[in-house]
Amino acid sequence: MGRCRYVITQVDQPHFITITVLNWLPVFTRIDTVNILIDSMKFLSLEGMKIYAYVILENHLHMIVQSQHLYKDIQRFKRHTASQLLKYLKDNNVQTLLDQFVFYKKAHKTDRKYQFWQEGVHPELIQHQDMMNQKIDYIHQNPVKRGYVDEAEHWRYSSARCYMGKEGLIEITKEW
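Here the structure is a predicted model, which is why all the values come from computation and not from measurement.

Draft legend 1. Quick peek at the environment of Leu169. Within the element layout of this structure, Leu169 appears in the segment after α5 (160-163). As a C-alpha pair, Leu169 and Tyr54 span 115 residues in sequence and 11 Å in three-dimensional space.

Draft legend 2. Focus on helix α1 (residues 31-46). In this model α1 runs 22 Å from its N-terminal to its C-terminal C-alpha over 16 residues, within 8% of the 22 Å that 1.5 Å per residue would give. Looking only at α1, the buried set comprises Thr33, Val34, Ile36, Leu37, Ile38, Ser40, Met41 and Leu44. Within two residues after α1, Gly48 carries a phi angle of roughly 115°, on the positive side.

Draft legend 3. Quick peek at the nonpolar core. Phe28, Ile56, Phe101, Phe116 and Trp117 are the most contacted members of the largest nonpolar core, which has 53 residues in total. Elements that contribute at least two residues to this core include exactly β1 (15-20), α1, β2 (50-56), β3 (60-66), α2 (70-91), α3 (95-103) and α4 (129-145). With eight residues, α2 is the largest single contributor of residues to this core. Once residues within four sequence positions are removed from consideration, Phe116 is found in contact with Val21, Leu22, Val27, Phe28, Ala82, Leu85, Leu86, Leu89 and Phe101.

Draft legend 4. Molecular detail of unusual backbone geometry. Even without being glycine, Trp24 reaches a positive phi, approximately 60°. Structurally, Trp24 is set in the loop between β1 and α1. Even without glycine at this site, His122 takes up a positive phi of about 50°. Looking at the element boundaries, His122 is found in the loop between α3 and β4 (124-125).

Draft legend 5. Expanded view of the pattern of salt bridges. Within this structure, the stated rule accounts for seven salt bridges. The salt bridge involving Asp73 is made with Arg76; its shortest N-O contact spans 3.1 Å. With a gap of three residues between them, Asp73 and Arg76 both fall in helix α2, about one helical turn apart. A relative accessible area of 5% places Asp73 in the buried class. The class for Arg76 is partly exposed, based on a relative accessible area of 26%. Across the pair Glu124 and Lys135 runs a salt bridge, and its minimum N-O distance is 3.2 Å.

Definitions and cut-offs
- Residues numbered from 1 in each chain as written.
- Predicted model: local features only at pLDDT ≥ 70, side-chain atom pairs only at ≥ 80, totals over all residues.
- Heavy atoms only, no water.
- Helix = DSSP H or I, 4+ residues; strand = E, 2+ residues; numbered from the N terminus.
- Expected span 1.5 Å × (residues − 1).
- Buried < 20%, exposed > 50% of the residue type's maximum accessible area, 1.4 Å probe, protein only.
- Core = buried A, V, L, I, M, F, W, Y, C linked by side-chain atoms within 4.5 Å.
- Contact = heavy atoms within 4.5 Å.
- Salt bridge = Lys/Arg side-chain N within 4 Å of Asp/Glu carboxyl O.

This is the structure:
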């Protein structure tokens, strides 16, 4: 996960993670870019990663996830989505963002032209039910606090509607 001082401490427990676009650039403002994330999350879910909650905003996402290979799964997610998103930006000639991914790239990233994601994911071990509830609420309230929607379940790119008994975009795990 790069040069991050945070570690995944117990793979048999859920972790709250945040994945952020380099320099907080707003990439997830188009359905096509969000769908790249959704498709990758669905794939990892089929591969055994449990997704308890998530929200995708314009420049970052939060998830509560668990996997026997969580570090590797997050790494796969970031590598695959970065590749697909950069391809999308090139294909659609979004040069301003591409130029910024070159400009803000960390100096030690000499093996690539672009850097899409910030390093690390700041994993936080979910230690008890109260913490799980607090993190789920934080995730779901993120678009509300930003003023994007009035009710959490109105944000399409979130698991909030799943917790309201409605169908969401990704199948989630509610029990742990």
